[in-house]
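The lines below spell out each chain.
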Amino acid sequence: MVAWLGFERRVAVRFLREGRMQSLLIIVGVAAGVAVVAYISALISGLQANTLEKTLGAQPHVSISPLEDTVLSARAELPAGTTVLQQTQPRAQRARSLGEWQSLVPLLEALPGVAAVSPMVTGAGLALRGQAQKSISVVGVDLDRYDRIVNLRRKVVAGTARLGPGEAVIGLELARDLGVRVGDRLSIVTGSGSGSESGSESGSEGSGITDSARVTALVDFGVRELNRRTVIVPLRAAQSLVGLPGGATNIDLTLRDVWAAPALSAQLAQRWPYKVESWQDTNASLVSALNAQSISTGLIRAVVMVVVVLGIASVLVVTVVQKRREIGILRAMGATQGQVLRVFLLQGAIVGALGSALGVLLAVGLIAAFTSFVRGSDGLPLFAITLTPGLALRIAAVATVCGVLAAVAPARRAAKLDPAQAIRM
Amino acid sequence: MSPTTPTPATGNASATASVSPLIEGVDLRKSYNLGQPNEAEVLHGVSLTLARGEFVALIGPSGSGKSTLLNIIGLLERATAGHYRVQGQETTGLGDAELTALRGRALGFVFQFHHLLPAFTALENVTLPALMREGRVSAAQLARAREVLAAMGLEQAMAKRPGELSGGMQQRVAIARALVLQPPLVLADEPTGNLDTASSNEVFALMRRMHAELQISFLIVTHDPRLAARCDRVIELVDGRIERDEPVRAQPAEPPDQGLA
């Protein structure tokens with residue numbers, strides 16, 4: 001029977017229209033605030049997504065490797081309270097294979113949230129071609145599996161990624177350093193010919209293992225250091241180069257949700273006696289930088305919203321004073337305190353909603369300007385920054401709620417006005 | 001001081017006066033700044049009764065407590081002591097919401113300074129009470145508002161904002177607004193105090209006509225003795241007490257420019 005807030009809506013809109021300049025100014029103020037919040041949110045999420053993509057594009061979300069060798073004390077148990085001063089020489093870490101990795105792979109693949117699993121063998125070596133020699137990191141993989149971890153095929157800049165026996169994919173800078181083009185051969189030498197169980201720590205047998213490979217593709221990992229050092233060979237070739245026949249030095253995982261990595265790592269480390277690291281462990285400084293960035297954007301957004309709330313509130317406080325008489329007459333005519341309260345709450349909501357609509361448009365404009373004017377050295381936009389409809393809606397909803405909250409105090413004041421006094425004014 | 005006697009129906013429009021009084025105030029007192037050193041009692045035990053269909057003037061010098069009494073009768077203020085009943089309902093102890101509802105149902109207001117909402121047209125001002133009560137204005141209510149405005153000679157003014165109307169026209173719109181829901185009692189605080197003689201006569205005549213046509217009671221605060229003399233009953237308030245409460249005996253001749261009453 002009672003049309004929803006018909007009276008309140010009508011009066012709120014008229015009051016706002018009546019205070020033209022005042023209403024316009026505060027709506028523009030809210031719009032500016034909303035635009036800043038929307039723009040910063042879009043910018044930071046674009047920036048973070050870009051940074052994450054760059055970082056995670058060349059590395060696994062979770063990496064499993066053998067536990068490191070440690071020195072255990074052989075001392076007999078001492079009586080309680082005995083202080084022991086000991087100095088221990090840390091063990092040199094030799095290349096070791098993950099035990100039973102072949103049976104581990106299907107188990108990992110079956111875990112929920114795991115998108116890809118890639119066993120691999122890594123080791124250090126030298127790449128030789130003619131007089132040139134470069135220190136490299138040998139990475140032995142199954143191409144299809146590895147591709148799902150780092151999107152290798154998308155990073156190929158020359159040739160076609162293929163890893164048949166005797167073939168290799170190498171980093172762009174390394175190819176330049178060695179003067180290698182697609183189709184050329186290079187030699188790979190490793191110093192681990194002594195075998196894994198010999199206990200020799202110097203690796204100075206002199207004879208190392210040499211292999212030769214034809215380059216099928218050059219890749220750009222997006223990280224110069226990787227481009228300069230990486231040589232990707234078939235798993236089997238790497239196993240013999242590193243001296244771990246049939247072994248795997250680590251297993252890389254890609255997850256569907258990158259943020260689930262720490263939890264999964266902890267779970268895996270508890271289940272199996274391996275060293276499990278998430279990308280957050282290996283990029284601790286990046287993670288803390290991202291966190292700091294998120295916190296400061298949150299802070300900026302909060303401060304802007306507080307300013308918006310104060311702006312709306314101050315205008316409405318003035319409106320209540322200006323409209324004392326009209327409030328009084330409405331009350332005399334039978335308007336309830338609740339109705340007067342809602343008239344002002346509604347004004348806050350309308351200002352918030354109109355301001356956010358305008359603000360979102362403004363933010364879209366700012367983003368368009370950013371994308372067209374701010375370009376990288378290659379003339380392309382630095383990174384994708386978009387204001388998703390979901391984000392825009394969320395911000396608009398928050399601003400509207402802020403408008404209502406801002407109106408609470410003035411609205412209560414209006415509702416509490418003594419009608420007899422208000423009319424006499 | 002003088003004891004209040006419910007006035008018997010006095011001729012013309014009051015013929016429909018019902019047995020139960022429309023409003024009844026018993027020993028009403030009002031003090032401001034209660035409990036403070038500057039506490040002051042402005043009404044010292046006022047008792048009065050209004051029957052349905054009366055047309056009453058409330059007169060008295062400035063500071064006599066007229067406005068305070070009107071506010072109490074209008075449920076805009078509460079008496080400090082005493083009893084006040086509207087249509088038989090005791091109002092002492094009612095909460096704000098109940099007072100508001102009763103006010104909306106039983107009372108219409110006309111103020112000295114018109115108090116129309118400047119952002120609304122004349123027609124919208126008149127439909128506000130309906131909008132307020134039901135959240136919407138039905139076609140019937142809209143028609144009724146037009147009818148009342150037309151009856152007051154305001155056909156041309158309906159779509160205009162108060163700022164575009166003369167003082168007399170604004171006051172007529174305010175009367176239309178007070179009458180549109182046909183409350184049993186309209187309280188008018190110096191309704192002509194702000195108008196020139198011609199407009200003042202016009203507005204007064206209009207109130208008399210509505211009283212006659214709709215059997216709506218009027219309580220009019222005024223300090224114009226000529227106006228008071230044209231009401232059916234005069235209550236005079238002096239220093240917060242009723243000094244005189246009597247029917248007006250001889251209706252003076254209507255001024256020549258009056259054709260409406």
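This one's a predicted model, so the numbers in the text were calculated from it and none came from an experiment.

1. Let's talk about the overall build of chain A
- Counting secondary structure elements, chain A contains 14 helices and 10 strands.
- Relative to the compact-globule value of 22 Å for 425 residues, chain A shows a C-alpha radius of gyration of 33 Å, a clear excess of over 25%.
- C-alpha atoms of chain A, sized along the principal axes, occupy 105 × 70 × 40 Å.
- Counting all 425 residues of chain A, 39% fall into the buried class.

2. Some words on the packing of helix α3 (residues 122-134) of chain B against helix α4 (residues 139-151) of chain B
All names here are of chain B.
- In contact at an axis separation of 9 Å, α3 and α4 are set at 130 degrees when each is read in the N-to-C sense. Taken together, α3 and α4 sit at an angle that is classed as oblique. In the crossing of α3 with α4, the sense of the turn from one axis to the other is right-handed. Of the residues in α4, those touching α3 at Ala122, Leu123, Val126, Thr127 and Ala130 are Gln141, Leu142, Ala145, Arg146, Val148 and Leu149.
- Residues that form the contact of α3 with α4 fall into these classes: eight nonpolar, two polar and one charged.

3. With respect to the domain arrangement of chain A
- With domains assigned, chain A is organised as domain 1 (6-55 + 287-424) and domain 2 (94-272).
- For domain 1 of chain A and domain 2 of chain A, the distance between their C-alpha centroids amounts to 53 Å.

4. With respect to the sheet that holds strand β3 (residues 55-59) of chain B
All names here are of chain B.
- One open sheet accounts for six strands, arranged β6-β7-β8-β3-β9-β10; its pairing is mixed. Of all strands in the sheet, those with a lone pairing partner are β6 (107-110) and β10 (241-247), marking the two edges. The mean angle between the axes of side-by-side strands here comes to 15 degrees, regardless of whether they run parallel or antiparallel.
- Both β3 and strand β8 (residues 217-221) contribute to a ladder of four bridges, which runs parallel. When the bridges of β8 are listed, Phe55 appears paired with Phe218.
- Sheet contacts for helix α5 (residues 167-179): β6 and β7 (185-189); angle to β6, the most-contacted strand, approximately 175 degrees.

5. Thoughts on unusual backbone geometry
Residue and element names in this part refer to chain B.
- For Asp27, which is not glycine, the phi dihedral falls at a positive 50 degrees.
- Within the secondary structure, Asp27 sits in strand β1 (residues 23-32).
- Of the residues examined, Asp27 has 14 C-beta atoms within 10 Å and is grouped as partly exposed.
- Unlike most non-glycine residues, Gln215 shows phi in positive territory, near 55 degrees.
- Considering the arrangement of structural elements, one finds Gln215 in the loop between α6 (197-214) and β8.

6. Quick word on the environment of Val156 of chain A
Residues and elements named next belong to chain A.
- With respect to the helices and strands, Val156 occurs in strand β4 (residues 156-159).
- Exposure remark for Val156: the 17 C-beta atoms within 10 Å place this residue in the partly exposed category.
- Separated by 63 residues in sequence, Val156 and Val219 place their C-alpha atoms 4.2 Å apart.
- Those residues within four positions of Val156 in sequence are excluded, and the remaining contacts are Ala161, Ala217 and Val219.

7. What about the nonpolar core?
- Of all hydrophobic cores here, the largest spans 133 residues; its most connected members are Ala38 and Ile312 of chain A together with Leu58 and Ile175 of chain B.
- Ranked by residues supplied to this core, first place goes to helix α12 (residues 337-373) of chain A with 12 residues.
- Setting aside residues up to four positions removed in sequence, Ile312 of chain A forms contacts with Ile26, Val30, Gly348, Val351, Gly352, Gly403, Ala406 and Ala407 of chain A.
- Membership of the second largest hydrophobic core comes to 57 residues, among which are Met120, Val180, Val242 and Ala261 of chain A.

8. Remarks on the interface of chain A and chain B
- Contact residues are listed per partner, giving 25 residues for chain A and 24 residues for chain B.
- Only α1 (6-18), α11 (324-332), α12 and α14 (419-424) of chain A provide two or more residues apiece to the side of chain A that touches chain B.
- Ranked by the residues each element gives to the side of chain A that touches chain B, the list is headed by α1 of chain A, at seven residues.
- Here the residues of the side of chain A that touches chain B are counted per class, giving 14 nonpolar, five polar and six charged.

9. Observations concerning the sheet that holds β1 of chain B
All names here are of chain B.
- Spatially, four strands are ordered β2-β1-β4-β5 in an open sheet, and the strand pairing comes out antiparallel. Edge positions in the sheet fall to β2 (40-50) and β5 (89-90), since each of these pairs with one other strand and no more.
- The sheet contact formed by β1 and strand β4 (residues 81-86) spans five bridges and is antiparallel. Of the residues in β4, the one forming a bridge with Arg29 is Ala81.
- Most of the contacts of helix α1 (residues 66-73) go to β1, to which it runs at about 125 degrees, and overall it touches β1, β2 and β4.

10. Quick word on the pairing of strand β2 (residues 114-129) of chain A
Residues and elements named next belong to chain A.
- One ladder, built from six bridges, connects β2 with strand β9 (residues 250-255); its direction is antiparallel. Looking at β9, one finds that Pro119 is bridged to Ile251.
- One ladder, built from 10 bridges, connects β2 with strand β3 (residues 132-141); its direction is antiparallel. The residue bridging Gly123 from the neighbouring strand is Val138, located in β3.
- In terms of strand pairing, β2 meets strand β6 (residues 185-190) through three bridges, oriented antiparallel. Note that in β6 the partner of Ala127 across the bridge is Ile188.

Definitions and limits used
- Residues numbered from 1 in each chain as written.
- Chains lettered and ligands numbered in written order.
- Predicted model: local features only at pLDDT ≥ 70, side-chain atom pairs only at ≥ 80, totals over all residues.
- Helix = DSSP H or I, 4+ residues; strand = E, 2+ residues; numbered from the N terminus.
- Rg over C-alpha atoms; globule rule 2.2 N^0.38 Å.
- Buried ≥ 20, exposed ≤ 12 C-beta atoms within 10 Å, placed from the backbone.
- Axes fitted to C-alpha atoms, helices over the stretch in contact; angles between N-to-C directions.
- Parallel < 35°, antiparallel > 145°, perpendicular 65-115°, else oblique.
- Left-handed = near helix turned anticlockwise from the far one by under 90°.
- Contact = placed C-beta atoms within 7 Å.
- Nonpolar A, V, L, I, M, F, W, Y, C, P; charged D, E, K, R; others polar.
- Domains from an automatic or database assignment.
- Pairing = 2+ DSSP bridges.
- Core = buried A, V, L, I, M, F, W, Y, C linked by C-beta atoms within 7 Å.

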